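# Structural overview for review
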Amino acid sequence: MKSSLYLQYLKEKQQYPGMSTANIAKMLNVSEAALAHARVGHDAQRLQVNALTLLTKLENIGLVKSTTANRYAIQQMIGRYKNQKYTPHGGIILNPRDLDLRLFLDKWDSIFVMREKDERQGEQQSIHFYDVEGNAVHSVSLTDESQHSHWQKLIEEYTSPDNPELLLQSLSPSQKNSIDINNAAQIEDEWRKMTDIHQFFRLLERHNVTRQQLFRVVADDLAYQVERGALLQILNAAHQQQNEIMIFVSNGACIQIFTGLIEQNVTQQKTIGEGWISVNNQRFTLQLHESAIAESWITRKPTKDGFVTSLELFAADGTQIAQLFGQRHEGQPEQSQWREQLSALPVKKDVAA
């Protein structure tokens, strides 16, 4: 029997062909996991397996398309789920210039298989992971080079005979501390004494503040704002000069990292009231909602190898849309090309002194 939600989904899909499932869920005012749940028995299957077990078995599938997205950016990479390492605190799939993920599995929850019809490629299958709030955190799709027989065996092994109700949680955002003059000086001093970029996360946790809160109170040599067009300018510069960069896209449960060259010209698409930037490499794509960028920050963090500089993009709701670095190996200083490209970005006019 078709549920009312599934019938609504079909209606919206017919009325807006090509619209993403995430946007349809938003229009219907339901979570993406709830919409996946409604599709079971039609074009979806529920998998009863924990994420860690399934991820480790994906190594046998070979070359697949991996997708990680937040509300404003979608990153896709064709690669392999090899070199996986897990701890009680999370996991790493470490393949620089290939599939490179950081996983926070305590936030992962339900898993579904989707079957989508494509006029050119026929039926496409993909596995979708959702978090405890019902948000999409990661997905895996078959490619022509995947081991399709291994995939089918994996699906058959874990397909659930029923479709239990989702037990979603609504997590309230944690209250952050305000920063006064006294603790701003202390935080800035701790920032300057860092010797590893990963110490920045512990700095945020220790003082229970957001990245943007910190950026606003430290000196300009550590963080300053640039104009919103900075992203397009930096991507074009990296393409023209052919220096490798790193692009991080995160949704809180998964971080997907691209490392490499921008192979083709960066493109812009305009729709009604919106603008998108697209990067289309042979095995990597990025789509980013440029109109949603509310703040763009250049930040400098000390390490034992010298300062590491990044471009960080934020939406109006505080979501970190993406973060970009110059590629470097540990033990080596940052690319001079990358620093020059960042220094050429125009400082935001209303904050420039």
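Scroll up to find the structure this text is about.
Residues numbered from 1 in each chain as written. Predicted model: local features only at pLDDT ≥ 70, side-chain atom pairs only at ≥ 80, totals over all residues. Heavy atoms only, no water.

## With respect to the overall build of the protein chain
Secondary structure summary: the protein chain contains ten helices and 18 strands in total. In terms of overall size, the protein chain behaves like a compact globule, its C-alpha atoms giving a radius of gyration of 21 Å where 353 residues would be expected to give roughly 20 Å. When the backbone C-alpha atoms are referred to their principal axes, the protein chain occupies close to 65 × 45 × 45 Å. Within the protein chain, the proportion of its 353 residues that are buried is 46%. The contacts of the protein chain with a sequence gap of at least 6 include a subset with a gap of at least 24, amounting to 61%. Of the roughly 18,200 Å² of accessible surface on the protein chain, 49% is carried by carbon and sulfur atoms. (Helix = DSSP H or I, 4+ residues; strand = E, 2+ residues; numbered from the N terminus. Rg over C-alpha atoms; globule rule 2.2 N^0.38 Å. Buried < 20%, exposed > 50% of the residue type's maximum accessible area, 1.4 Å probe, protein only. Contact = heavy atoms within 4.5 Å. Areas by Shrake-Rupley, 256 points an atom, 1.4 Å probe, with all protein chains shown as cover.)

## A few points about the nonpolar core
Core analysis: the largest hydrophobic core is formed by 61 residues, its most contacted members being Trp108, Ile127, Phe129, Leu235 and Leu324. If one sorts the elements of this core by residue count, helix H9 (residues 230-241) sits on top with six residues. Among all residues touching Phe129, those that are not within four sequence positions of it are Ala51, Leu54, Leu55, Trp108, Ser110, Ile111, Asn135, Ala136, Val137, His138 and Val140. Counting residues in hydrophobic clusters, the runner-up holds 14 residues, among them Met194, Leu203, Val209 and Leu222. (Core = buried A, V, L, I, M, F, W, Y, C linked by side-chain atoms within 4.5 Å.)

## A few points about helix H6 (residues 181-192)
The end-to-end C-alpha distance of H6 is 17 Å, a good match for the 16 Å that twelve residues give at a rise of 1.5 Å each. Three or more residues of H6 are buried, namely Ala184, Ile187, Glu188 and Trp191. The buried side chains of H6 occupy one side of the element, clustering within an arc of 100 degrees when seen end-on. Turning to H6, the residues buried within the fold contact helix H7 (199-207), helix H8 (211-217), strand E10 (223-226) and strand E16 (295-303). (Expected span 1.5 Å × (residues − 1). Arc of directions from axis to C-beta.)

## Section: the packing of aromatic side chains
Summed over all chains, the structure comprises ten aromatic pairs. When the ring of Phe200 is compared with that of Phe215, the centres are 6.4 Å apart and the planes differ by 20 degrees; the resulting orientation is stacked. Linking Phe200 in helix H7 with Phe215 in helix H8, this pair joins segments that are 15 residues apart in sequence. Seen in terms of ring centroids, Phe215 and Trp297 are 5.4 Å apart; in terms of plane orientation they differ by 50 degrees. Their pairing is tilted. One end of the pair, Phe215, is in helix H8; the other, Trp297, is in strand E16, with 82 residues separating them in the sequence. We note that Phe215, like Trp297, is buried. (Phe/Tyr/Trp six-rings, centres within 6.5 Å; stacked < 30°, edge-to-face > 60°.)

## Describing the packing of H6 against H7
Two numbers describe how H6 lies on H7: the axes approach to 10 Å, and their chain directions differ by 160 degrees. Viewed along their axes, H6 and H7 adopt a mutual orientation that is roughly antiparallel. Note on packing geometry: the crossing formed by H6 with H7 is right-handed. Residues Gln186, Ile187, Glu190 and Trp191 of H6 lie in contact with H7, whose contacting residues are Phe200, Leu203, Arg206 and His207. Each residue belonging to the contact of H6 with H7 can be placed in one class, and the counts come to four nonpolar, two polar and two charged. (Axes fitted to C-alpha atoms, helices over the stretch in contact; angles between N-to-C directions. Parallel < 35°, antiparallel > 145°, perpendicular 65-115°, else oblique. Left-handed = near helix turned anticlockwise from the far one by under 90°. Nonpolar A, V, L, I, M, F, W, Y, C, P; charged D, E, K, R; others polar.)

## Overview of the side chain of Thr67
Summarising the element assignment, Thr67 is placed in strand E2 (residues 62-69). Separated by 3.1 Å, the side chains of Thr67 and Gln76 make a polar contact. Among residues more than four places away in sequence, those in contact with Thr67 are Ile74, Gln75, Gln76, His138, Ser139 and Gln256. (Polar contact = N/O pair within 3.5 Å; in protein donor to acceptor, adjacent residues only side chain to side chain.)

## Structural notes on the sheet that holds strand E17 (residues 306-314)
The nine strands are arranged E4-E5-E6-E12-E11-E18-E17-E16-E10 in an open sheet whose pairing can be described as antiparallel. In the strand order of this sheet, the two ends are held by strand E4 (84-87) and E10, each with one partner. Averaged over all pairs of adjacent strands, the angle between strand axes in this sheet comes to 20 degrees, irrespective of strand direction. As paired strands, strand E6 (residues 101-103) and strand E12 (residues 254-260) are joined by three bridges and run antiparallel to one another. The residue of E12 that forms the bridge with Arg102 is Ile255. Packed on one face of the sheet, helix H10 (residues 336-343) meets E10, strand E11 (245-250), E16, E17 and strand E18 (320-326) and runs near 45 degrees to E17. (Pairing = 2+ DSSP bridges.)

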